[in-house]
Amino acid sequence: MHTDPIFIESDGHRTLFKWHRARRKASDPEFTPTRILEAMRLGASVEVDLVVHADQGFAILHDLELDHGTTGTGTVAAASANHLRQLFLRANDGTPISDRVMLLEDLCALLKTNPAHPDALLQLDYKEDLSRLSPSVVANFAAAVSPVSHTMILSGGDIAAVTLLAAATLDLQTGYDPTYVGILDDLKSAEDFSNFISAALKRAPDAAMIYLAYELILAADAAGVDLIAAAHADKRRVDAWTIRSINPTSLRQVRRLLELRVDQITTDDPEGLAAQLAKGTA
């Protein structure tokens, strides 16, 4: 078994570790340009989030509110591009750091001047829905992303929004996340899980990657349904999200995901996960 912070090879199958919110290790703050560029240079899979701001573009932030992740207050939707660029990101303990909030065009400009490894893939995870996508927002997305779209995949839970943005941008892969809050309250039987994955694949026929909560994958597995195999049979890849901390329970869960031949594991601690899996095979 080969393992490093980029991928693991087990039983002839390669599984990528995705750097969730651009973290290489658990202590990293979110969305710093240093980590994003490092991941892209090394050939890793890395994820950032997109939220629409007041000037009809996108901020690289997870939350719709500014208070948690930045030194700002109020909503991203009400903040101008200039205002957002003046805000600082916060560390995991809430302390402001020296890195400022980036906009999508800022990140794309960095990637244009710092060419990525051929294997690198930057996931743009759109956190809102179709209602936020005016023609100006779509045009601004395409203008920012098109020069570097070959290194990216656009994902989201609203497949209509993902499709609209991707249609305006050449060479951009898409992914779909059909997981929703409370899904495990609704899916209990093997038939439920089978119908769920069939519907998800039908709803997003062009999605190269299907993003599924790891708890959902393992619950389906316990019910006798292999969601990953179903996606593979339809020529899709599967990302299991999100392994937040590395402990005996999460390691057992990851090992089962590897046995199921998941293609990608989203984690807040790729470095720590790789190290622990390596110890288990020493």
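Summary of the structure given here.

## Here we look at the overall build of the protein chain
Here's step 1: Looking only at helices and strands, one finds 11 helices and 13 strands in the protein chain.
Here's step 2: In terms of C-alpha radius of gyration, the protein chain reaches 18 Å, essentially the compact-globule figure of 19 Å for 282 residues.
Here's step 3: Viewed in the frame of its principal axes, the protein chain has a C-alpha envelope of about 50 × 40 × 35 Å.
Here's step 4: Looking at the 282 residues of the protein chain, the share that counts as buried comes to 52%.
Here's step 5: Long-range pairs, those at least 24 residues apart, make up 64% of the contacts in the protein chain with a sequence separation of at least 6.
Here's step 6: Entry remark: accessible area of the protein chain is about 12200 Å², with carbon and sulfur atoms responsible for 51%.
Here's step 7: Taking the 26 positively charged and 38 negatively charged side chains of the protein chain as two groups, their mean positions are separated by 4 Å.

## What to know about the pattern of salt bridges
Here's step 1: On inspection of all chains with the given rule, the structure shows 17 salt bridges.
Here's step 2: When the shortest N-O distance is used, the salt bridge between Asp106 and Arg85 registers 2.9 Å. Residue Asp106 is found in helix α3 (residues 104-113), and its partner Arg85 is found in helix α2 (residues 81-85); the two are separated by 21 residues along the sequence.
Here's step 3: Its relative accessible area of 27% is what places Arg85 among the partly exposed residues.

## Looking at the environment of Gln56
Here's step 1: Among the structural elements, Gln56 can be located in the loop between β4 (45-52) and β5 (58-59).
Here's step 2: For Gln56 and Leu227, which are 171 residues apart along the polypeptide, the C-alpha to C-alpha distance reads 37 Å.
Here's step 3: In this structure, Gln56 is in contact with Ser134, Ser136, Val137 and Asn140, ignoring residues within four places of it in sequence.

## Some words on the environment of Ser155
Here's step 1: Looking at the secondary structure, you find Ser155 in strand β9 (residues 152-156).
Here's step 2: With relative accessibility at 1%, the residue Ser155 sits in the buried group.
Here's step 3: Between the alpha carbons of Ser155 and Glu47 there is a distance of 9.9 Å; along the sequence they are 108 residues apart.
Here's step 4: The contact partners of Ser155, leaving out residues within four places of it in the chain, are Gln123, Leu124, Asp125, Tyr126, Val162, Gly175 and Tyr211.
Here's step 5: Polar contacts involving the side chain of Ser155 include one to the side chain of Gln123, which spans 2.7 Å.
Here's step 6: Of the polar contacts made by the side chain of Ser155, one reaches the side chain of Asp125; its length is 2.9 Å.

## Digging into helix α5 (residues 159-167)
Here's step 1: Considered for burial, the residues of α5 that qualify are Ile159, Ala161, Val162, Leu165 and Ala166. With its buried residues spanning 160° around the axis, α5 presents them on a single face.
Here's step 2: Where α5 is buried, its residues contact β5, β8 (121-126), α4 (135-145), β9, β10 (173-176) and α7 (190-203).
Here's step 3: Here α5 starts with a cap whose side-chain oxygen sits 3.1 Å from the backbone nitrogen of Ala160, and that cap is Asp158.

## Details of the packing of aromatic side chains
Here's step 1: What the rule picks out here adds up to two aromatic pairs.
Here's step 2: Judged by centre distance (5.7 Å) and plane angle (70°), the rings of Phe58 and Phe141 are edge-to-face. Separated by 83 residues along the polypeptide, Phe58 in strand β5 and Phe141 in helix α4 bring together distant segments of the chain. The burial state of Phe58 is the same as that of Phe141; both residues are buried.
Here's step 3: Grouping aromatic residues by their ring pairs yields a cluster made of Phe58, Tyr126 and Phe141.
Here's step 4: Sitting above the plane of the Phe7 ring, Arg14 keeps its charged end 3.7 Å from the centroid.

## Thoughts on unusual backbone geometry
Here's step 1: Cis rather than trans, the peptide bond between Trp241 and Thr242 has omega equal to -20°.
Here's step 2: Looking at the element boundaries, Thr242 is found in strand β12 (residues 237-243).
Here's step 3: In this structure, Phe31 takes a positive phi of about 60° despite not being glycine.
Here's step 4: Relative to the helices and strands, Phe31 resides in the loop between β3 (13-19) and α1 (33-42).
Here's step 5: You can call Phe31 buried: its relative accessible area is 2%.
Here's step 6: A positive phi angle, near 60°, is found at Asp171, a position not held by glycine.
Here's step 7: As for its placement among the helices and strands, Asp171 is situated in the loop between α5 and β10.

What counts, and at which threshold
Residues numbered from 1 in each chain as written. Predicted model: local features only at pLDDT ≥ 70, side-chain atom pairs only at ≥ 80, totals over all residues. Heavy atoms only, no water. Helix = DSSP H or I, 4+ residues; strand = E, 2+ residues; numbered from the N terminus. Rg over C-alpha atoms; globule rule 2.2 N^0.38 Å. Buried < 20%, exposed > 50% of the residue type's maximum accessible area, 1.4 Å probe, protein only. Contact = heavy atoms within 4.5 Å. Areas by Shrake-Rupley, 256 points an atom, 1.4 Å probe, with all protein chains shown as cover. Lys, Arg positive; Asp, Glu negative; His and termini not counted. Charge placed at Lys NZ, Arg CZ, Asp CG, Glu CD. Salt bridge = Lys/Arg side-chain N within 4 Å of Asp/Glu carboxyl O. Polar contact = N/O pair within 3.5 Å; in protein donor to acceptor, adjacent residues only side chain to side chain. Arc of directions from axis to C-beta. Phe/Tyr/Trp six-rings, centres within 6.5 Å; stacked < 30°, edge-to-face > 60°. Lys NZ or Arg CZ within 6 Å of the ring centre and 35° of its normal.

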